[in-house]
Amino acid sequence: MASTNHFLGFRSESPVGKGKMNVAKKLHIVAGTWGVRCSFHSLVGILVATLIVAAVYMTGEGGRWLEDRPATTTCRNGGESSCSMCNLFSGKWVFDNRSYPLYKEKECTFMSDQLACGKFGRQDLNYQNWRWQPHKCDLPRFNGTALLERLRGKRLVFVGDSLNRGQWVSMVCLVDSNIPPNLKSMHTNGSLTTFKAIEYNTTIEFYWAPMLVESNSDDPVMHRLPERVVRVQAIEKHARHWTDADLLVFNTYLWWRRSKMKVLWGSFESPDGIYKEVEMVRVYEMALKTWSDWLEVHVNRSKTQLFFVSMSPTHQRAEEWGAGNGQNCYSETELISEEGYWGTGSCPKMMGVVDDTIKKLKKRGVDVKVLNITQLSEYRKDGHPSIYRKQWEPLTENQLSDPKSYADCIHWCLPGVPDVWNELLYAYIMYY
């Protein structure tokens, strides 16, 4: 699931646009203040001026506004709370080999061998050329320089499992070409790997915590164990590494996909610990409660932006999309065309636990944005590494004779699907 390989747009609103909005606001304030004391000619003058500003704004900025914003809005009764936002996560994939990929696999300095499908022999590269198109608005094009400027002096930290690590690698690749070689660095310290853009004093980091809470799978390299054990009430060992982050992007899902999980009350070092098997989804709910309680107490709500990435789908049962029994993503080069397709690898009950947890957090004053990447990724059976990745152990004769037996249908090739996840994250960082 997670390899031992440890490594490895929306544009900013223009000053002109802001100025026009400020003028419009000032005109509105003036008109409201003067009231009946204004002369008829003054009122006419104000009305004409307002219309001129509106016309200039709509013609000069209007088209770009619709392009740049992450969503169009329809507001009822005024106020932000009454705005209905365009759903960025509902849409379709459009083939676009003129604009995509957003970077070249070979040109990303810190590309991971687990995700470099072209390097390891994949010939069909069309999976790199798909653009996500929301139904009612446009997803902004990623602008690495604008993002780095927004992140100046800040920490962006991805926390989770190997899927989140793949999204982190994608983010590093997306900004990599915007930074000269001598002004960037990468280093690893235990579970934390840090990419630094020196000129911006910015770090984009990944912290390995596949369950978010403590577990016996916390070693970033040696985490493949026959029996998984979690301490559902313990998170501080991990959380102290990202307490002061400015942006936190969490995920945890795949490592919980089993009917029961052994839970430890006590420490791994203590012989007095109490072990008990707890069924899904209850054990997942317990872990997310610990996570949410930590956020409520420790996060600086005026500083830190919080995100949770929904489950990343797998494509391990080809019969679910109409192919042969016993097949998987191996040799798949086309998307799933059925709108609303949903495979058995994605668990709605677990998504429900995440939703409930985040709703409760919101009531307690902690806002966590959900990047709902599940449905859009469900269509992408073509986007997995399959057999085109570095193999960390020698393949057996049986595996070599049956390639689908060792196909990776969990992770994603880069450039590819995780780049779109980061385009969505970019939209939230820049404009929400």
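Residues numbered from 1 in each chain as written. Predicted model: local features only at pLDDT ≥ 70, side-chain atom pairs only at ≥ 80, totals over all residues. Heavy atoms only, no water.

1. Looking at the pairing of strand E8 (residues 202-208)
- Most of E8 is tucked away: 7 of the 7 residues are buried.
- The alternating pattern of E8 places Thr-202, Ile-204, Phe-206 and Trp-208 and Thr-203, Glu-205 and Tyr-207 on opposite faces, both of which are buried.
- Note: strand E5 (residues 155-160) against E8, 6 bridges, orientation parallel. Within E8, the position partnered with Arg-155 by the bridge is Thr-203.
- With 6 bridges joining them, strand E7 (residues 192-197) and E8 adopt antiparallel strand pairing. The residue of E8 that forms the bridge with Ala-197 is Thr-202.
- Between E7 and E8, which pair antiparallel in sequence order, lie 4 residues; one of them, Asn-201, sits at a positive phi of approximately 50°. (Buried < 20%, exposed > 50% of the residue type's maximum accessible area, 1.4 Å probe, protein only. Helix = DSSP H or I, 4+ residues; strand = E, 2+ residues; numbered from the N terminus. Pairing = 2+ DSSP bridges.)

2. Section: empty space enclosed by the protein
- Its volume calculated, the second largest cavity comes out at about 70 Å³.
- Lining the second largest cavity are 13 residues, and of these Tyr-100, Gln-128, Trp-130, Gly-416 and Asp-419 sit closest to its centre.
- The leading source of residues in the lining of the second largest cavity is helix H10 (residues 417-431), at 3 residues.
- Looking at side-chain class alone, the lining of the second largest cavity contains 9 nonpolar, 2 polar and 2 charged residues. (1 Å grid on protein atoms, 1.4 Å probe; cavity = no way out; pocket = protein on both sides within 12 Å on 5 of 7 lines; lining within 4 Å. Points joined across faces, edges and corners; volume = space filled by probe spheres on them. Nonpolar A, V, L, I, M, F, W, Y, C, P; charged D, E, K, R; others polar.)

3. A word on the pairing of strand E15 (residues 368-371)
- Where strand E14 (residues 305-309) and E15 come together, 4 bridges link them in parallel fashion. Across the sheet, Phe-307 pairs through a bridge with Lys-369, a residue of E15.
- In terms of handedness, the path from E14 via helix H7 (residues 348-363) over to E15 forms a crossover that is right-handed. (Right-handed = clockwise from strand over helix to strand, strands pointing away.)

4. Considerations on helix H4 (residues 162-176)
- Helix length check: H4, at 15 residues, gives a terminal C-alpha distance of 20 Å against a target of 21 Å (1.5 Å per residue), a fit within 8%.
- The buried fraction of H4 is high, at 15 of 15 residues.
- One side-chain oxygen at the N-terminal end of H4 lies 2.9 Å from the backbone nitrogen of Leu-163; it belongs to Asp-161. (Expected span 1.5 Å × (residues − 1). Polar contact = N/O pair within 3.5 Å; in protein donor to acceptor, adjacent residues only side chain to side chain.)

5. Considering the packing of H4 against H10
- For the pair H4 and H10, interaxial distance at closest approach is 9 Å and the crossing angle is 75°. Here H4 is positioned roughly perpendicular relative to H10, judged by the angle of their axes. Residues Leu-163, Gly-166, Gln-167, Ser-170, Met-171 and Leu-174 of H4 form the contact with H10, whose participating residues are Pro-418, Asp-419, Trp-421, Asn-422 and Leu-425.
- When its residues are assigned to classes, the contact of H4 with H10 shows 6 nonpolar, 4 polar and 1 charged. (Axes fitted to C-alpha atoms, helices over the stretch in contact; angles between N-to-C directions. Parallel < 35°, antiparallel > 145°, perpendicular 65-115°, else oblique. Contact = heavy atoms within 4.5 Å.)

6. Topic: H10
- End to end, H10 covers 22 Å across 15 residues, agreeing with the expected 21 Å (1.5 Å per residue, within 8%).
- For H10, the buried fraction is high: 14 of the 15 residues fall into the buried class.

7. What to know about the state of the cysteines
- Taken as a whole and assessed by the stated rule, the structure comprises 4 disulfides.
- At a sulfur-sulfur separation of 2.2 Å, the disulfide partner of Cys-86 is Cys-137. Judged by the sign of its S-S torsion, about -75°, the bond between Cys-86 and Cys-137 is left-handed. Pair noted here: Cys-86 is in the loop between strand E2 (83-85) and strand E3 (91-95) and Cys-137 is in the loop between strand E4 (130-134) and helix H3 (144-150), with a separation of 51 residues, a long-range link. Across the pair, Cys-137 and Cys-86 agree in class, each one buried.
- Here Cys-108 pairs with Cys-173 through a disulfide, and the sulfurs are 2.0 Å apart. Residues Cys-108 and Cys-173 are joined by a disulfide whose S-S torsion is about -80°; by sign, that bridge is left-handed. Of this pair, Cys-108 sits in the loop between E3 and E4 while Cys-173 is found in helix H4, placing the two residues 65 residues apart along the sequence. (Disulfide = S-S within 2.5 Å.)

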